[in-house]
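Architecture at a glance
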Amino acid sequence: MPVGSEDGTPRRPLPTTLFATELSARIISALVLAGVALLAAYEGGWLFAAFWILAAVIVAAEWIGVTRAAPRGALLGVFGVGVAGTCILALLDRPWWALSLGLIVVAFALALARRDDRPWIWACLPVAAVIGIVPPLVREHPAFGLVGLLWMFAVVWTTDIAAFFTGRALGGPKLWPRVSPKKTWSGFLGGLIAGTGAGVFVASAGASLGWAPVASLSLVAVVSAVGSVVSQGGDLAESAMKRRFDVKDSGHLIPGHGGVMDRLDGFWSVAVLAGLIMLAREAGLR
């Protein structure tokens, strides 16, 4: 039934049309981004690294934008150069140089920033650097390689898609209404089940194609479930941050998704998990 306007004139019900438009933009943008990410992943090397270093620089810029840190221009310049340089040095296997540059960048940014902005400035570089460093390291790792990277993609993407549509279809109690009013427990569980299954599927498919599994499928299932949970946790954490600063999206670069940080919040959390797994594996082999 048409909804009446304030002057009594009937008008068309906009929410359905608006939802369809936003959903279409979201799907098209996701497919384009997924295609570019998969192509870069297949190529590997510095092309793939450049893709993620660029993403890291954009995340740093959006972080500064969301937190409204000032002086904006100076901080954007410092973190733009600093994030790119830190990531490149880390990928060139110069960890101490990367760490030194990172500390210099953070110290310089703290000296520039207003006092109230400093707590958020601390986190900008490590958040962005994880995006720029971990995916290329996973791709080039002899034990994980392309399959390990596809596992990350599968867990994050499937969790996100399943949580969105399951929550829309089933509804029910809200997961954390103060932070994200639209997320439901049904969506969380749908994402968890689908993300776990996707992670196991990728590992199983990789093993059938000759990839040497680094763990049993049962352990892969456990880690995939953890990955799905932390992916959704990353999404909630960014929602809490945006609510703290009264911001709807981290940017407007991606139609239907907002900014790059909006698209990579869950992936960032899984990248942290993947980085910890690599560190634990290297420590265990020594």
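Higher on the page you've got the structure.
A few points on the structure.

Conventions and cut-offs
Residues numbered from 1 in each chain as written. Predicted model: local features only at pLDDT ≥ 70, side-chain atom pairs only at ≥ 80, totals over all residues. Heavy atoms only, no water. 1 Å grid on protein atoms, 1.4 Å probe; cavity = no way out; pocket = protein on both sides within 12 Å on 5 of 7 lines; lining within 4 Å. Points joined across faces, edges and corners; volume = space filled by probe spheres on them. Helix = DSSP H or I, 4+ residues; strand = E, 2+ residues; numbered from the N terminus. Core = buried A, V, L, I, M, F, W, Y, C linked by side-chain atoms within 4.5 Å. Buried < 20%, exposed > 50% of the residue type's maximum accessible area, 1.4 Å probe, protein only. Contact = heavy atoms within 4.5 Å. Pairing = 2+ DSSP bridges. Phe/Tyr/Trp six-rings, centres within 6.5 Å; stacked < 30°, edge-to-face > 60°. Lys NZ or Arg CZ within 6 Å of the ring centre and 35° of its normal. Salt bridge = Lys/Arg side-chain N within 4 Å of Asp/Glu carboxyl O.

Moving on to the layout of surface pockets. Empty space left among the atoms is revealed by rolling a probe the size of a water molecule over them. Computed from the structure, the second largest pocket encloses a volume of approximately 1,100 Å³. Lining the second largest pocket we find 30 residues, and of these Ala90, Pro95, Ile133, Leu137 and Leu279 sit closest to its centre. Elements with a minimum of two residues in the lining of the second largest pocket: helix 3 (72–91), helix 4 (95–112), helix 5 (118–140) and helix 9 (260–285).

Moving on to the nonpolar core. One finds Phe79 and Met152 to be the most contacted residues of the largest nonpolar core, which totals 66 residues. The residues touching phenylalanine 79, leaving out its near neighbours within four places in the chain, are Ala60, Ile64, Ala84, Val105, Ala109, Ile121, Cys124 and Leu125.

A separate point is the pairing of strand 4 (residues 180–184). Pairing of strand 3 (residues 174–176) with strand 4, which is carried by two bridges, proceeds in the antiparallel orientation. By the bridge assignment, lysine 174 is partnered in strand 4 with threonine 184. With antiparallel pairing between neighbouring strands as the criterion, strand 3 and strand 4 make up a hairpin whose turn holds three residues.

On to the packing of aromatic side chains. In this structure the tally under the stated criterion is ten aromatic pairs. Aromatic pair phenylalanine 51 and tryptophan 52: ring centres 5.3 Å apart, planes at 80°, arrangement edge-to-face. When the ring of tryptophan 52 is compared with that of phenylalanine 153, the centres are 6.5 Å apart and the planes differ by 25°; the resulting orientation is stacked. Of this pair, tryptophan 52 sits in helix 2 (residues 45–67) while phenylalanine 153 is found in helix 6 (residues 145–170), placing the two residues 101 residues apart along the sequence. Three or more aromatic residues joined by ring pairs form one cluster here, namely Phe48, Phe51, Trp52, Phe153, Trp157 and Phe267. Here arginine 94 stacks its cationic end above the ring of tryptophan 97, 5.6 Å away from the centre of that ring. Directly above the ring of phenylalanine 245 sits arginine 244, whose terminal nitrogen or CZ lies 4.6 Å from the centroid.

A separate point is the pattern of salt bridges. Pairing is possible between side chains that carry opposite charge, provided their charged atoms lie close to one another. For the structure shown, the criterion picks out six salt bridges. Between lysine 242 and glutamate 238 there is a salt bridge; the shortest N-O distance is 3.9 Å. Remark: glutamate 238 and lysine 242 occur in helix 8 (residues 217–244); sequence separation between them is four residues, near one turn of the helix. Each of the two residues, lysine 242 as well as glutamate 238, counts as buried. A salt bridge links lysine 242 to aspartate 262; the shortest N-O distance between them is 2.8 Å. Of this pair, lysine 242 sits in helix 8 while aspartate 262 sits in helix 9, and the two are 20 residues apart along the sequence. In this structure aspartate 262 comes out as buried when scored by relative accessible area, which is 11%. Among the ionic contacts, a cluster of salt bridges with common partners joins Glu238, Lys242 and Asp262.

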